[in-house]
Amino acid sequence: MATDPEFHDRAAGLPDREIDPSQAGQSVDLEATIARQVRQYRIAARLSVGEMATRVGISKAMLSKIENAQTSCSLTTLGRLAVGLGVPVTALFRGVDAELEAVFVPSGHGAQIVRRGSRVGHLYELLGALRGPHKRMEAVLVTLTEASEVFPLFQHPGTELLYMLEGTMVYGHGEAQYTMRPGDALQLDGEGAHGPQELLELPIRFLSVTAYGDHGPS
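Here's what I pulled together on the structure shown here. (Residues numbered from 1 in each chain as written. Predicted model: local features only at pLDDT ≥ 70, side-chain atom pairs only at ≥ 80, totals over all residues. Heavy atoms only, no water.)

All right, on to the overall build of the chain then. Check the secondary structure of the chain and you find five helices and seven strands. Mapped from its N terminus to its C terminus, the chain presents α and β elements in the order α-α-α-α-α-β-β-β-β-β-β-β. Sequence separation of 24 or more characterises 64% of the internal contacts of the chain that already satisfy a separation of 6 or more. Summed over its atoms, the accessible surface of the chain is roughly 13,500 Å², and 53% of this surface lies on carbon and sulfur atoms. (Helix = DSSP H or I, 4+ residues; strand = E, 2+ residues; numbered from the N terminus. Contact = heavy atoms within 4.5 Å. Areas by Shrake-Rupley, 256 points an atom, 1.4 Å probe, with all protein chains shown as cover.)

This part takes up the packing of helix 3 (residues 49-56) against helix 4 (residues 60-67). Interaxial distance between helix 3 and helix 4 falls to 9 Å at its minimum, and their mutual angle equals 110 degrees. By the criterion of interaxial angle, the relationship of helix 3 to helix 4 is roughly perpendicular. Judged by residue contacts, Val49, Gly50, Met52 and Ala53 of helix 3 engage Lys60, Leu63 and Glu67 from helix 4. In terms of residue class, the contact of helix 3 with helix 4 is built from four nonpolar, one polar and two charged. (Axes fitted to C-alpha atoms, helices over the stretch in contact; angles between N-to-C directions. Parallel < 35°, antiparallel > 145°, perpendicular 65-115°, else oblique. Nonpolar A, V, L, I, M, F, W, Y, C, P; charged D, E, K, R; others polar.)

Let us look at the packing of helix 3 against helix 5 (residues 75-85). The contact between helix 3 and helix 5 brings their axes to 9 Å, and the two run at 115 degrees. One way to sum up the angle between helix 3 and helix 5 is to call them roughly perpendicular. In the packing of helix 3 onto helix 5, the handedness of the crossing is right-handed. Touching Met52, Arg55 and Val56 of helix 3 are Arg80, Leu81, Gly84 and Leu85, all from helix 5. Grouping the amino acids of the contact of helix 3 with helix 5 by side-chain chemistry returns four nonpolar, one polar and two charged. (Left-handed = near helix turned anticlockwise from the far one by under 90°.)

Spelled out as structure tokens, the structure:
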């Protein structure tokens with residue numbers, strides 16, 4: 001019957017590791033990261049705590065402690081967990097050193113973007129662009145205050161979400177047209193030509209959020 005590696009260490013009389021107080025926070029962060037990753041991978045695999053413990057060869061109580069960041073794993077246990085979950089050991093540490101990025105833009109302080117139509121009542125206010133190793137997102141508040149004959153069409157990588165805040169307009173995407181009113185949302189493939197086609201009720205305000213995925217805008 002398999003037993004916990006931690007039990008062997010204690011039975012052999014090995015002293016507990018002493019943690020430098022300056023590194024205590026790092027240890028807690030590491031344990032919390034491992035706990036989160038193990039729990040998420042186990043749930044994704046549709047395994048109960050008991051089933052996972054049996055697969056890995058540790059007690060149910062020990063696995064529960066690991067998932068609740070109440071104990072530090074030995075390298076042997078980490079290896080068993082990774083094998084049992086079918087993931088590389090490094091996956092259990094994912095995010096421990098990641099810097100969590102955030103962009104805060106106070107109301108009315110977004111950078112102004114100049115595009116076709118900017119001089120005829122089309123205002124584009126950048127609300128922030130969130131970037132990372134595997135993601136890139138950009139949010140723009142669009143305000144249309146004057147009817148004009150200038151209707152710029154856009155094409156770009158990624159997926160765009162439009163959320164209507166005020167007014168009414170006809171928005172085109174490829175050959176399709178959508179009449180959008182406050183509360184309406186439209187998700188579209190950015191590769192297709194898109195943009196306002198007819199302004200029915202001014203002023204018009206809508207939020208445009210574009211997720212570019214791994215490649216970012218060209």
